[in-house]
Amino acid sequence: MKIHFKKLSVAAAFIIFITAGIAATNPPEEHAKNLKVLPKDISHEDLDKIMDEYKAALGVHCDFCHAHSKDSTSHHLDFASDEKPEKDIARNMMRMTAKINKKYFHFDKSDKDKGDKSLAVTCITCHHGNPQPENAGEMKK
């Protein structure tokens, strides 16, 4: 009986130790800061997917829109910063495409969640992998 209780105690302690270790290495997900167009509660995974789509559509890297950290010892980007004007331009483009899609294609975010493959305007529609659309000058006239 003593040996059985001892084995059970060791097993329980081991499970508690492993569970505590896992909990300590997986902190709760922190939400992105300074989101003005995207949902404030967007998951990190969904935000990464969207940003990857933007990078591919414009043929750029993250630092095209996001400023580098002011901390000279850090080589990280300050994603919350509004220092670069390209970030505000991107927000305006996001609003513009959402309006176009809603008005002309009756497309909204819930359609995308359902897997609907209806027509929609996206960054790639005009940019084709370039930071500036080729006919941008013609559109301003």
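Residues numbered from 1 in each chain as written. Predicted model: local features only at pLDDT ≥ 70, side-chain atom pairs only at ≥ 80, totals over all residues. Heavy atoms only, no water.

A. The arrangement of helix H2 (residues 44-58) in detail. With 15 residues, H2 extends 21 Å between its outermost C-alpha atoms, agreeing within 8% with the 21 Å of an ideal straight helix rising 1.5 Å per residue. All of the buried residues in H2 are Leu47, Ile50, Ala57 and Leu58. When H2 is viewed along its axis, its buried side chains cluster within an angular range of 95° and face the same direction. Every exposed residue of H2 that faces more than 90 degrees away from the buried side is listed here: Glu45 and Ala56. For H2, the elements touching its buried residues are helix H5 (123-127). Once H2 ends, the next one or two residues include Gly59, with phi positive near 60°. (Helix = DSSP H or I, 4+ residues; strand = E, 2+ residues; numbered from the N terminus. Expected span 1.5 Å × (residues − 1). Buried < 20%, exposed > 50% of the residue type's maximum accessible area, 1.4 Å probe, protein only. Arc of directions from axis to C-beta. Contact = heavy atoms within 4.5 Å.)

B. Quick look at unusual backbone geometry. Positive phi outside glycine occurs at Asn34, with the angle close to 70°. Within the secondary structure, Asn34 sits in the loop between helix H1 (2-25) and H2. With relative accessibility at 28%, the residue Asn34 sits in the partly exposed group. A positive phi angle, close to 50°, is found at His128, a residue other than glycine. Position of His128 among the secondary structure elements: in the loop between H5 and helix H6 (136-140). A residue is classified by how much of its surface remains accessible, and His128, at 56% relative accessible area, is exposed.

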